[in-house]
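Structure assessment
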Amino acid sequence: MKTQVGIIGGGPSGLLLSHLLHLQGIETVVLEQRSRDYVLGRIRAGVLEKGFVGLMEKAGVADRLKADGEVHASFSIASDGQMFDIDMAGLTGGDTVVVYGQTEVTRDLYAARDSVGGQVIHEAQDVTPHDVLTATPYLTYRTGDELHRVDCDYIIGCDGFHGVSRQTIPREKLNVFERIYPFGWLGVLSRTRPVSEGLIYARSARGFALCSLRSRVLSRYYVQVPLQDRVEDWSDDRFWAELKARLPGPVSERLETGPSIEKSIAPLRSFVAEPMRYGNLFLAGDAAHIVPPTGAKGLNSAASDVHYLYEALLAHYHENDESGLESYSEKALARVWKAQRFSWWMTNLLHDFPESGAFGQRMQQTEIDYLISSRAAQVSLAENYVGLPF
Ligand code: RFL
Ligand code: PHB
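First, a word on scope: everything that follows refers to the structure included in this document.

Thresholds applied
Residues numbered from 1 in each chain as written. Chains lettered and ligands numbered in written order. Predicted model: local features only at pLDDT ≥ 70, side-chain atom pairs only at ≥ 80, totals over all residues. Heavy atoms only, no water. Buried < 20%, exposed > 50% of the residue type's maximum accessible area, 1.4 Å probe, protein only. Helix = DSSP H or I, 4+ residues; strand = E, 2+ residues; numbered from the N terminus. Pairing = 2+ DSSP bridges. Right-handed = clockwise from strand over helix to strand, strands pointing away. Near = heavy atom within 4 Å. Polar contact = N/O pair within 3.5 Å; in protein donor to acceptor, adjacent residues only side chain to side chain. Nonpolar A, V, L, I, M, F, W, Y, C, P; charged D, E, K, R; others polar. Expected span 1.5 Å × (residues − 1). Bend = angle between axes of the 7 residues up to and from the residue. Axes fitted to C-alpha atoms, helices over the stretch in contact; angles between N-to-C directions. Left-handed = near helix turned anticlockwise from the far one by under 90°. Contact = heavy atoms within 4.5 Å.

Quick notes on the pairing of strand 2 (residues 28-31)
Residues Thr28 and Val30 line one face of strand 2 and the alternating positions Val29 and Leu31 line the opposite face, and both faces are buried. Two elements, strand 1 (residues 5-8) and strand 2, share four bridges in a ladder whose sense is parallel. Pairing of glycine 6 across the sheet is with valine 29, part of strand 2. Taken together, strand 1, helix 1 (residues 12-23) and strand 2 form a β-α-β motif whose crossover is right-handed. Sheet topology places strand 2 next to strand 8 (residues 119-121); three bridges connect them, and they run parallel. Paired with valine 30 across the bridge in strand 8 is valine 120.

The structure is reproduced here in structure tokens:
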């Protein structure tokens, strides 16, 4: 097979880039290790920044997002029983976020790729990039006993944190920055009415909790748990009791509980690999960087990479202009690091870090007091939460 851009990974980054390029007459092939059902079964992000929504619009796949996504102009922070609102729209001059699940984003992108006969190859095994330092790179993969080859101009690694593309870059060519947090998030999806119209980020002596949602009848809740905990340790009853214990009284009193329809634990990690390019292999999204989910920046950081890569590939193919590809890594990383900073800050603000002791707790409390009392502090939080410009 021959194409212009070979994309590894059929998650949101790979699919969005593929469809955007298609609309500009640039050919792609997407190689995805898993089945479509498996990809659509993963419950992940839920909050989309304006920039992400803009890219979906540009790709012509925002109809359902516009109809079913919920616009949120504010969210709440609870700490030690008190609760206050962050009026994102008021603090930023009108910016908002949209609550629309990553599953739905991915479903819409698959539908768009299918509608134009886009090549998304599922259950592609042993995907391997070759000759990425030459002008004629290629990919190989296997389906059953058959070995396939895709020749291309560029290879884009959109294959997530555990993917193959970052691993093919020699170790000495990558700088890796990492922080592993001593806890994870236990997430539950339930067919219950959300406890609140907006998201609630709650700090408590028992640890962090988050009330989020997917729709008016589908709730998504999280609690901070020790790293060694396993999903089997958490019955639904135990989960609901723990969540209630971490929320302010009036909120926990009105919390509607029900059977979980998904339950999983995700470890929290900050990670950046630099640079995001090795020859004609470019990394985008979780393949190059991940954040703890506290600021809802994972998927949104992936989107900013897609934006820069899309612009760069467009300039290359339509104007013979290499400058975007040359500066891709630097430009993408500048924004990635700001999302890293914000996610790290919000994680530090709201989670229980036993090892930081009484001083650490007072610092968190003081930071919360400052946020409540200072518009400047709220503006800083709000402008990061709605998303910095690309
Ligand atoms: P994805 O979504 O991980 O997609 C990568 C795709 O590549 C495939 N793949 C391969 N394909 C071929 N060959 C290989 N060798 C391959 N290895 C992997 C995978 O099957 C997959 O389909 O990366 P992408 O597109 O960059 O998108 C990034 C987002 O998915 C990610 O940033 C967020 O979901 C992170 N994240 C969350 N972000 C939020 O903003 N809010 C959240 O609540 C939130 N929850 C989460 C998350 C990430 C999680 N992970 C990665 C464990 C919860 C979890 C559990
Ligand atoms: C989610 O709804 O899954 C979600 C929302 C906000 C976050 C993280 C996760 O910060």
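Overview of the site of ligand 1
In the vicinity of ligand 1 lie 28 residues, with Ser13, Glu32, Arg42, Gln102 and Asp286 positioned nearest. Proline 12 has a polar backbone atom sitting 3.4 Å from an oxygen atom of ligand 1. At 3.0 Å from an oxygen atom of ligand 1 is found a side-chain nitrogen or oxygen belonging to arginine 44. Of all the secondary-structure elements, those providing two or more residues to the shell around ligand 1 are helix 1 and helix 9 (298-319). Within the shell around ligand 1, the residues separate by chemical class into twelve nonpolar, nine polar and seven charged.

Some thoughts on helix 10 (residues 323-350)
The end-to-end C-alpha distance of helix 10, which contains 28 residues, comes to 41 Å, matching closely the 40 Å that a straight helix rising 1.5 Å per residue would cover. Along its length, helix 10 reaches its greatest deviation from straightness, about 40°, at serine 329.

Comments concerning the sheet that holds strand 7 (residues 97-99)
Spatially, 3-7-4 is the arrangement adopted by the three strands of the open sheet, whose pairing is antiparallel. Strands at the two margins of the open sheet, each flanked by one partner only, are strand 3 (47-48) and strand 4 (70-72). Bridge count between strand 4 and strand 7: three bridges; the pairing is antiparallel. Its bridge partner being in strand 7, valine 71 is matched across the sheet by valine 98.

Section: the environment of histidine 318
With respect to the helices and strands, the residue histidine 318 is situated in helix 9. By relative accessible area, which is 43% here, histidine 318 ends up partly exposed. The sequence separation of histidine 318 and glutamine 24 amounts to 294 residues, and the corresponding C-alpha distance is 9.0 Å. At 3.1 Å, the side chain of histidine 318 forms a polar contact with the backbone oxygen of glutamine 24.

Some remarks on the packing of helix 1 against helix 6 (residues 102-115)
One can describe the packing of helix 1 onto helix 6 by two numbers: an axis separation of 10 Å at closest approach and a directional angle of 35°. Remark: the crossing between helix 1 and helix 6 carries left-handed chirality. Judged by residue contacts, Pro12, Leu15, Leu16, Ser18, His19 and His22 of helix 1 engage Gln102, Thr106, Leu109, Tyr110, Ala112 and Arg113 from helix 6. Along the lines of polarity and charge, the residues of the contact of helix 1 with helix 6 split into six nonpolar, five polar and one charged.

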